[in-house]
Amino acid sequence: MARHDATPRIAVFDLARTDGEELWGYEPGAHIDVQVGELQLVRQYSLCGPPGVRKQYRIAVLNDPASRGGSRAMHGLAEGDRLRIAAPRNRFGLTAARRHILLAGGIGVTPLLSMAQALDDTGGDYHLHYCARSRGEAAFAADLENHPRVTLHFDDQTVQQRLDMARDVGGPDPETAVYVCGPGGFMDHVLGQAVEWGWPAAALHKERFSASAATAEPSASDAGAFTVKLSSTGTEYAVPEDQSVLDVLHANGVDAPYSCGQGICGECIVRVLSGEPDHRDDVLTDDERAQGMYTPCSSRSLSPVLELEL
Ligand code: FES
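Conventions and cut-offs
Residues numbered from 1 in each chain as written. Predicted model: local features only at pLDDT ≥ 70, side-chain atom pairs only at ≥ 80, totals over all residues. Heavy atoms only, no water. Domains from an automatic or database assignment. Pairing = 2+ DSSP bridges. Helix = DSSP H or I, 4+ residues; strand = E, 2+ residues; numbered from the N terminus. Core = buried A, V, L, I, M, F, W, Y, C linked by side-chain atoms within 4.5 Å. Buried < 20%, exposed > 50% of the residue type's maximum accessible area, 1.4 Å probe, protein only. Contact = heavy atoms within 4.5 Å. Axes fitted to C-alpha atoms, helices over the stretch in contact; angles between N-to-C directions. Expected span 1.5 Å × (residues − 1). Arc of directions from axis to C-beta.

(A) Structural context of the domain arrangement of the protein chain. Segmenting the protein chain into domains produces domain 1 (2-85), domain 2 (99-207) and domain 3 (217-308). Distance from the C-alpha centre of domain 2 to the C-alpha centre of domain 3: 33 Å.

(B) Structural detail: the sheet that holds strand β12 (residues 226-230). Pairing within the open sheet is mixed, and its five strands lie in the order β13-β12-β18-β14-β16. At either end of the open sheet lies a strand with only one pairing partner, and these are β13 (236-239) and β16 (293-294).

(C) Looking closely at the nonpolar core. Grouped together as the largest cluster of nonpolar side chains are 29 residues, with contacts concentrated most on L102, L112, L128, Y130, F140 and L144. Breaking this core down by element, the ones donating at least two residues are β2 (10-15), β7 (99-105), α2 (109-122), β8 (125-132), α3 (141-144), β9 (150-154) and β10 (176-181). No other element matches the six residues that α2 contributes to this core. Both domains that furnish three or more residues to this core are identified here as domain 1 (2-85) and domain 2 (99-207). Look past the residues within four positions of F140 in its chain and what remains in contact with it is V12, C48, R58, A60, V109 and L113. In this structure, A256, C268, Y294 and C297 belong to the second largest nonpolar core, which totals 18 residues.

(D) Quick look at the pairing of strand β4 (residues 41-46). With six bridges connecting them, strand β3 (residues 31-36) and β4 associate as antiparallel partners. Looking at β4, one finds that Q35 is bridged to V42. Counting the residues between successive antiparallel strands, the hairpin from β3 to β4 contains four residues, one of them, G37, with a positive phi of roughly 80°.

(E) How the structure looks around the sheet that holds β2. Read across the sheet, three strands follow the order β1-β2-β5 without closing on themselves; strand pairing throughout is antiparallel. Each edge of the open sheet carries a strand with a single partner, namely β1 (2-7) and β5 (57-62). The average angle at which neighbouring strand axes cross in this sheet is 25°, direction not considered. Alignment of β2 against β5, held across six bridges, turns out to be antiparallel. Counted as the bridge partner of I10 is L62 from β5.

(F) Just helix α5 (residues 184-196), in detail. Spanning 13 residues, α5 covers 18 Å between terminal C-alpha atoms, matching the ideal 18 Å at 1.5 Å per step. What α5 keeps buried is the set F186, M187, V190, L191 and A194. With its buried residues spanning 110° around the axis, α5 presents them on a single face. Every exposed residue of α5 that faces more than 90 degrees away from the buried side is listed here: G185, V195 and E196. Backbone geometry just after α5 places G198 at a positive phi near 100°.

See the structure below:
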């Protein structure tokens with residue numbers, strides 16, 4: 001692993017296999033699980049290098065004071081340290097839209113950078129708006145500032161150069177898709193304005209680093225326990241008010257996949273066969289929810305029993 005510090009708070013890591021072989025291929029917008037630190041914390045980081053380069057993955061990590069430990073552990077790594085990673089996954093890929101508007105807040109630029117590089121390679125029509133507190137805190141700013149399809153916006157400069165949704169995004173266009181990644185406040189603001197401007201949910205694509213306030217907030221159903229039933233065996237498990245469905249499944253030896261544990265990555269998605277789910281995630285679309293998809297790591301139930309296809 002090679003490391004350089006792009007800003008005082010953002011470290012860039014270039015990862016390669018120790019045997020020199022190629023890594024897995026991936027589509028722009030993908031992320032990897034990285035196992036880090038003495039506690040073997042598993043954290044997700046977006047791949048931000050050109051997607052066609054198979055010898056090396058690039059990730060960039062913000063040393064976030066609100067970190068749950070992962071980013072601090074990453075910043076403690078030195079050049080040459082070894083990391084264990086998992087194959088890339090992607091729930092934030094480019095769509096078939098004719099035009100793409102990429103809206104990045106801070107370190108949220110990482111998945112959008114790989115999208116921009118892929119669109120540059122294929123001659124795709126896009127514009128990247130990259131918002132940061134200041135030039136000094138914007139990783140990759142020097143590479144991007146003269147790019148004709150990129151606009152940089154800094155909080156500490158004039159109001160006129162800040163992201164203006166009316167000017168920079170405008171109203172909905174059936175041939176355009178909007179992609180948003182950044183801190184929660186940035187995402188809520190940008191997505192809220194896009195909805196106000198009439199953008200349909202299907203045209204807005206987002207990836208969060210942590211659960212949104214709405215997801216983390218307790219709902220009426222959080223106060224109650226319920227029962228989860230597995231379709232394969234008919235076994236029922238009580239889910240107490242202070243445990244997630246996923247915790248209960250794991251405590252009972254059920255091999256259910258997961259990664260983030262916060263309703264943001266989609267790794268744990270299962271199908272609900274009966275009952276009324278209380279969706280508490282930031283990853284499923286309305287269509288996916290309507291098809292019965294459910295995140296047992298974060299979501300609960302409005303009905304006394306929820307049957308899962310497991
Ligand atoms: S483990 Fe990431 S959404 Fe459930």
